[in-house]
Protein chains: 4
Amino acid sequence: MIKAGIVGATGYAGAELVRLLAGHEQAQVIWYGSKSYVGEDFASIYKNARGFTREECKADDLEKMAEECDVIFTATPQGYLGSVLTEDILKKTKVIDLSADYRLSDIPTYEKWYGIEHKSPQLVEKAVYGLPELHRDDIKNTDLVANPGCYTTCSILTAYPLVAEGLIDPDTLIIDAASGTSGAGRGAKVPNLFCEVNENMKPYGVTSHRHTPEIEQELSLAADHQVVVNFTPHLAPMNRGILATEYASLVQSGGSFPAMDDIRAAYEKYYGNEYFIRILPAGEMPETRWVEGSNFVDIGFIIDERTHRVIMVGAIDNLVKGAAGQAVQNMNILFGMDEKTGLTGMPVFP
Amino acid sequence: MIKAGIVGATGYAGAELVRLLAGHEQAQVIWYGSKSYVGEDFASIYKNARGFTREECKADDLEKMAEECDVIFTATPQGYLGSVLTEDILKKTKVIDLSADYRLSDIPTYEKWYGIEHKSPQLVEKAVYGLPELHRDDIKNTDLVANPGCYTTCSILTAYPLVAEGLIDPDTLIIDAASGTSGAGRGAKVPNLFCEVNENMKPYGVTSHRHTPEIEQELSLAADHQVVVNFTPHLAPMNRGILATEYASLVQSGGSFPAMDDIRAAYEKYYGNEYFIRILPAGEMPETRWVEGSNFVDIGFIIDERTHRVIMVGAIDNLVKGAAGQAVQNMNILFGMDEKTGLTGMPVFP
Amino acid sequence: MIKAGIVGATGYAGAELVRLLAGHEQAQVIWYGSKSYVGEDFASIYKNARGFTREECKADDLEKMAEECDVIFTATPQGYLGSVLTEDILKKTKVIDLSADYRLSDIPTYEKWYGIEHKSPQLVEKAVYGLPELHRDDIKNTDLVANPGCYTTCSILTAYPLVAEGLIDPDTLIIDAASGTSGAGRGAKVPNLFCEVNENMKPYGVTSHRHTPEIEQELSLAADHQVVVNFTPHLAPMNRGILATEYASLVQSGGSFPAMDDIRAAYEKYYGNEYFIRILPAGEMPETRWVEGSNFVDIGFIIDERTHRVIMVGAIDNLVKGAAGQAVQNMNILFGMDEKTGLTGMPVFP
Amino acid sequence: MIKAGIVGATGYAGAELVRLLAGHEQAQVIWYGSKSYVGEDFASIYKNARGFTREECKADDLEKMAEECDVIFTATPQGYLGSVLTEDILKKTKVIDLSADYRLSDIPTYEKWYGIEHKSPQLVEKAVYGLPELHRDDIKNTDLVANPGCYTTCSILTAYPLVAEGLIDPDTLIIDAASGTSGAGRGAKVPNLFCEVNENMKPYGVTSHRHTPEIEQELSLAADHQVVVNFTPHLAPMNRGILATEYASLVQSGGSFPAMDDIRAAYEKYYGNEYFIRILPAGEMPETRWVEGSNFVDIGFIIDERTHRVIMVGAIDNLVKGAAGQAVQNMNILFGMDEKTGLTGMPVFP
């Protein structure tokens, strides 16, 4: 039985880890870390967990957790793990970081977009960007997984094969996405109150959202040159779900534009054997309701013959494939288990 | 592997059965019955099921299903099963009916409240009312389970121990409940459109809702005399969940009213060993969010010293403990399996 | 032009006052009071007001407001006005208090339920409980209106005629109500976050909600004896609206119970000429969507012949008739204007 | 008093016309046309109208309406008005068509995108596209106004000045929009049920939505050449509101790209005097909540220096500026009234 510790267990992503691990046969949460609720029963904060655990929330103590846990998940704001992680800790345990601290391989890019100094830059190159569908083999051999962001998981996976195969011009890529409000976290802030979010659609972080460089990093790998994109997130009045609608110009080859079959072939090449990616049949587009509660990524696409663009759409549950589910998937890989363990529940609808 | 057939698989309750059985290790759906979608892939209607089944929807054919299935779930409008079920079918298979046809042991009561003639009254006495927490032993020995209604499951379980122990006067019982909109079914009706339900609370079926006699039947058994109650359902702008707030006058015994400890003792007596019933600590009240997606019933209570009434509150997921989950629980009992099989997922929040 | 000041203009009730007064031909807001946003443009906080006002938020200064304003609305937490109001201020201006400080004529009751000492008990008897449909004449002659609570407005008006006419036994009265989340205010608290409220129904303040004594005070006046009731509020996942479902036993007279016509006659007697009260035809029940954005109270009722109870249902918009709209109605009365001025917009649906 | 008739008064757009005209001092609805509810009181269908009208719904009879009404609003599916309108009718009354029948000046384009034959092509050139901010003078002199679509109103107004001033390359324009569900109409269809829409974001009509040629028609006028755009609508889980996020490449002039001030100057040039258009200050972006219930268009923008694109965002209430409000605005122009009459209410929040 793998002993897991969670730093930030009482945030939405942390609590989703608790839920998923409760259904995982080979792992068990033994440390419910929380900054705000130390000494309180976890199940008195997240009452869905009543009957599943009697553990109290404990303060964060990475050193001690490293002694007791086989794996530590950090579901914290950026800057936390970067400032406390050491090589010594990584010798004792494996770490899956749900924050952004080790996602960007270029330190100046991290410091510019996040506006904070990176306190452990020497560990960045040890970290593997934890998108299993792209970096599975590297994940197997690391002790430090940088679990991708929610928007980025959806945005990257949706565009990656077409960029990698040269079917689209990555510099024309525009990503317009909407997220449920759990993505904004459980902090008590006026903009996240029910009455402020309900009956509202709003854009935010336009041109400046921190997931932008993360998307660009991975798509640049695919394109084999530095890519710059527009990414615009929106807050939607729902709990869960991310939908990313992406636009890019098709690249002519031999005088003609790629056809639907070419696009499909590219997706099949990269994802044909991926359990968690469901490529939709022609004429269908993803909707967030069909992936809710699950680790699936649904991807659909259509070519606009009038503009010679392809419109790609991806949908995930931001708390599962966009956070806790992907973290469990990474844990499964790290420990040599079946990657699907604990993640095979059918999405919940309605 | 138990072979299950579902009549009405493309309604919300039927589709929830599909979801729950997909996670059940010892049962498998082999017949996806549907009136409206015959010949279409189930997973093209409920796209959350993509990757879980490639089966097409089939027309209802109870005779043929009886040959092929170990158990048949009927998630249909009232009147259907009553008009097609025969003793012959029950010799070949077990039937768990999610409609109201066999819930009421008194035929005239059924015919009065439902306004239809019962076509197979001779089978009613074979049926067992499928509330495992009250009738577990009888369920073990039947071939026909009348799966309780959603409001009734919540309303009955919340009041039963106090009625049975004589702590409250059942004739003062008032049940005020609210349900998510999945309880209204998937029929295309104007009152169930998003814009009609959203931003709205409405009562309906006041004094006339068909779950009333079902509640009265079970509480009369507890009271050992005929009980008459007020039950008022409301439609709430959410997908899932039922909350029942119940009021009753405490009964004096030896000159004093029951205290909180007496109430708790009664709940513990009846439900202390019930996995799916979570009796909340003093000062806490149930909320539907904490049971969403699960088979749990959360129950809280408080005494009003000013009015000598007890206010009991119960919460369930109407599609799980109020329909499909309870049906699976009943199936588990019918086939001698652990009652919790396939039903141990933690509630999903947020 | 009446000059109005608002203390607490940046709360939901205060901002609704701003909206309603923007459409009032004879009144104008000249003081946007706010504790949290002093010096910021009101329209930068409530951006719906962009183009309607360029005023900045000012600190609360009741003395100065009394000099400049013809009427002051206080949309603040309880305790504020009670601690700063003086007779001197009331000589200079009229005050409409949306808090609870002057609603309860019995000081010990106030201090017990609110847990705070009343700092100006001598002003309580000057105050008039501002439910125009019950106390219109007294309102005309006061300088201090205690604007009723949201739940109380709905609960009292729904039951009042039947209590006053002796048709129901007020000690059997049970009030089960649900409110939209704007009633919880704009404070940044975890329980009011979108993800905590959405997809959830929850009871709160069971047996202890502070609107209870307010309801009892007014219904005791109607009954001419001290009445004690059960009142249970619930939080519903919507922005606006209160629905109160009320139950009471009918009182026999001359050997028979009141009939539907008797009930209707009582409502007509009290409300037949009230513009803002819409008594629904037989067979119809109120829904919050039909009053949203308006000052209307919709009331429906039905007798349960089986239990000899009447079920009464009332619906209001908690921010309008439950707060700001009623405050404007009171202002109109105080200044001798048509009571409907600024309040004649049709409810907004959907 | 202008006598108004509405064909399709019981749809959402028609009912919003009823609401807005109830607050219009110089107009009155005298004909509530409805296909589904002939003979029923309008206020029994839309119960928010109780107390505002006692009129029954009447069948559509354009001839008779032309005799009795000064203006007819047609809030019907496409194809209806095109098949019944005659020059004779236009001699007797003015018509404001909320359907698409007369919006596209090019008949083949209409027939291709809508898949129906136009039955009165000779009337198309009489019609004026009713976007007052662009075609006010022409509207004054017509008898037939083609009221714009909801998405189109928002999409066109948001991009128009930048296209007209040559600041952006219109062929790079990508419009990604989300709408509340009232835009889908009141038809009883499964995809519009509460449980299907709630907790979901979905794209639809990708590359094929019928508002595309309408957007292209108006932006082509601005660009002075045929423009082709990508337009992707999404359904959001809310009642009202459209948010359009638009992306376009900036056009260099004299070796440099336009700056924020250039963009603002363009918006000010076209909309500086427009009451209903609110150009937001730098750093602010529109949200649908701030325009709900009103005829306002909020527009914000930002330049991405990394991609040399401008991101423009527009927000409207789809039922007001996107349908009924704009129709009233057009009526006001047609009859020489102040354009704002009946449309000056502050947006409703929350």
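1. Details of the sheet that holds strand S7 (residues 144-146) of chain D
All names here are of chain D.
Inference 1: Taken together, seven strands build an open sheet; the order of strands is S3-S2-S1-S4-S5-S7-S6 and the sheet is parallel. Edge positions in the sheet fall to strand S3 (57-58) and strand S6 (128-129), since each of these pairs with one other strand and no more.
Inference 2: Where S6 and S7 come together, two bridges link them in parallel fashion. Paired with Tyr 129 across the two strands is Ala 146, which belongs to S7.

2. What about the interface of chain B and chain D?
By a widespread convention, an interface's size corresponds to the accessible area lost as its parts come together.
Inference 1: Every contact between the two is made by 15 residues of chain B and, on the other side, 15 residues of chain D.
Inference 2: Here the side of chain B that touches chain D takes three residues from helix H9 (residues 194-197) of chain B, the largest share from any one element.
Inference 3: Classifying every residue of the side of chain B that touches chain D gives seven nonpolar, five polar and three charged.

3. Topic: the nonpolar core
Inference 1: The biggest cluster of nonpolar side chains holds 460 residues, and the ones touching the most others in it are A:Ile6, B:Ile6, C:Ile6, C:Phe73 and D:Ile6.
Inference 2: Discounting residues that sit within four places of it in the chain, C:Phe73 has contacts with C:Ala4, C:Ile6, C:Val7, C:Leu17, C:Ile96, C:Leu98 and C:Ala327.

4. A few points about the relation of the copies chain D and chain A
Inference 1: For the pair chain D and chain A, the relating rotation is 180°, the translation along its axis is 0.0 Å, and the fit reaches an RMSD of 0.0 Å. In the structure described here, the two chain copies are related by an operation that fits a two-fold rotation axis. Minimal C-alpha distance to the rotation axis in chain D is attained by D:Pro237, lying at 3.2 Å.

5. What to know about the interface of chain D and chain A
Inference 1: Counting residues at the interface gives 35 residues for chain D and 35 residues for chain A.
Inference 2: Those elements that place two or more of their residues in the side of chain D that touches chain A are strand S8 (174-179), strand S9 (202-203), strand S10 (230-235), strand S11 (242-249), strand S13 (297-304) and strand S14 (309-316) of chain D.
Inference 3: A per-class count over the side of chain D that touches chain A returns 17 nonpolar, nine polar and nine charged.

6. Let's talk about the packing of helix H8 (residues 150-164) of chain C against helix H12 (residues 320-334) of chain C
Residues and elements named next belong to chain C.
Inference 1: Following both chains from N to C, one finds H8 and H12 inclined at 100°, their axes separated by 8 Å at the closest point. In this view, H8 runs roughly perpendicular relative to H12, as classed from their interaxial angle. The residues of H12 that touch H8, namely those facing Cys 150, Thr 153 and Cys 154, are Lys 321, Gly 322, Ala 323 and Gln 326.
Inference 2: Among the residues forming the contact of H8 with H12, the class breakdown is three nonpolar, three polar and one charged.

7. Focus on helix H12 (residues 320-334) of chain B
Turn by turn, an α-helix covers 3.6 residues, leaving residues three or four places apart pointing in a common direction.
Residue and element names in this part refer to chain B.
Inference 1: Here H12 spans only 18 Å end to end across 15 residues, well under the 21 Å set by a 1.5 Å rise per residue.
Inference 2: At Gln 326, H12 is bent by approximately 45°, the largest bend along its length.
Inference 3: Within H12, 15 of the 15 residues are buried, which leaves the element mostly enclosed by the surrounding structure.
Inference 4: Positive backbone phi, approximately 70°, marks Gly 336, located one or two places after H12.

8. Side note on the domain arrangement of chain A
All names here are of chain A.
Inference 1: Split into domains, chain A comes out as domain 1 (2-126) and domain 2 (151-318).
Inference 2: Of note, the centres of domain 1 and domain 2, computed from C-alpha atoms alone, are 27 Å apart.
Inference 3: If you look at the interface, domain 1 gives nine residues, while domain 2 gives seven residues.
Inference 4: Here the side of domain 1 that touches domain 2 gets three residues from one element, more than from any other, and that element is helix H6 (residues 107-114).
Inference 5: Classifying every residue of the side of domain 1 that touches domain 2 by side-chain character gives five nonpolar, three polar and one charged.

9. Remarks on the environment of D:Tyr247
Inference 1: As for its position among the elements, D:Tyr247 is in strand S11.
Inference 2: The spatial distance from the C-alpha of D:Tyr247 to the C-alpha of D:Ala159 is 9.2 Å, given a sequence separation of 88 residues.
Inference 3: If we ignore the near neighbours within four places in the chain, the residues touching D:Tyr247 are A:Ile174, A:Asn230, D:Ile174, D:Arg309 and D:Ile311.

10. Some points on the packing of helix H8 (residues 150-164) of chain A against helix H10 (residues 211-223) of chain A
Residues and elements named next belong to chain A.
Inference 1: The N-to-C vectors of H8 and H10 enclose an angle of 20°; their axes lie 9 Å apart at closest approach. Classified by the interaxial angle, the pair formed by H8 and H10 is roughly parallel. Pair H8 / H10 crosses with right-handed handedness. Contacts between H8 and H10 involve Tyr 151, Thr 152, Ser 155, Ile 156, Ala 159, Tyr 160, Val 163 and Ala 164 from the first element and His 211, Glu 214, Ile 215, Glu 218, Leu 219, Ala 222 and Ala 223 from the second.
Inference 2: A breakdown of the residues in the contact of H8 with H10 according to their chemical character gives 10 nonpolar, three polar and two charged.

11. Things to note about unusual backbone geometry
Inference 1: Cis peptide bonds are those with omega within 30 degrees of zero, and the linkage from B:Phe349 to B:Pro350 qualifies with -5°.
Inference 2: One non-glycine residue, D:Asp224, lies in positive phi territory at about 70°.
Inference 3: By secondary structure assignment, the location of D:Asp224 is in the loop between helix H10 (211-223) and S10.

12. Re the pairing of S8(D)
Put simply, side chains in a regular strand alternate between the two faces of the sheet.
Residue and element names in this part refer to chain D.
Inference 1: Of all six residues making up S8, six are buried, and the element is well covered by its neighbours.
Inference 2: A two-sided burial pattern is seen for S8, the buried positions comprising Ile 174, Asp 176 and Ala 178 on one face and Ile 175, Ala 177 and Ser 179 on the other.
Inference 3: Sheet analysis places S8 next to S10, joined by six bridges and oriented parallel. Paired with Ala 177 across the strands is Pro 233, a residue of S10.
Inference 4: Bridge count between S8 and S11: six bridges; the pairing is antiparallel. If you follow Ser 179 over to S11, its bridge partner there is Ile 242.

What counts, and at which threshold
Per chain, residues are indexed from 1 in the order of the written sequence. Labels follow written order: the first chain is A, the first ligand is 1, and so on. Reporting of local features is limited, given that this is a predicted model, to residues whose pLDDT is at least 70; pairs of side-chain atoms are given and counted only at 80 or more, and all residues count toward the totals for whole chains, interfaces and linings. When DSSP finds two or more bridges between two strands, those strands count as paired. Starting at the N terminus, helices and strands are each numbered in turn, a helix being any DSSP run of H or I of at least four residues and a strand any DSSP run of E of at least two. The contact criterion used here is simple: two residues whose C-beta atoms, placed from the backbone, lie within 7 Å are in contact. Only Asp, Glu, Lys and Arg are considered charged, only Ala, Val, Leu, Ile, Met, Phe, Trp, Tyr, Cys and Pro nonpolar, and every remaining residue, Gly among them, polar. A set of buried Ala, Val, Leu, Ile, Met, Phe, Trp, Tyr and Cys residues, joined through C-beta atoms within 7 Å, is what we mean by a nonpolar core. Around each residue's C-beta, the other C-beta atoms within 10 Å are counted; 20 or more make the residue buried, 12 or fewer make it exposed, and counts in between make it partly exposed. All C-beta atoms are placed from the backbone. Least-squares fitting of one copy onto the other uses the C-alpha atoms of those residues that reach a pLDDT of at least 70 in both copies. Axes here refer to lines fitted to C-alpha atoms; in helices the fit is confined to the stretch in contact. Angles between the N-to-C directions go from 0 to 180 degrees. Should an angle lie under 35 degrees it is considered roughly parallel, over 145 roughly antiparallel, and from 65 to 115 roughly perpendicular; all remaining angles are considered oblique. A helix's residues, less one, multiplied by 1.5 Å, set its expected span. To get the bend at any residue, fit one axis to the seven residues that end at it and another to the seven that begin at it, then take the angle between the two axes. For each domain, the first and last residues come from an automatic or database assignment. Crossings are assigned a handedness: left-handed for a near helix turned anticlockwise from the far helix by less than a right angle, right-handed for a clockwise turn.

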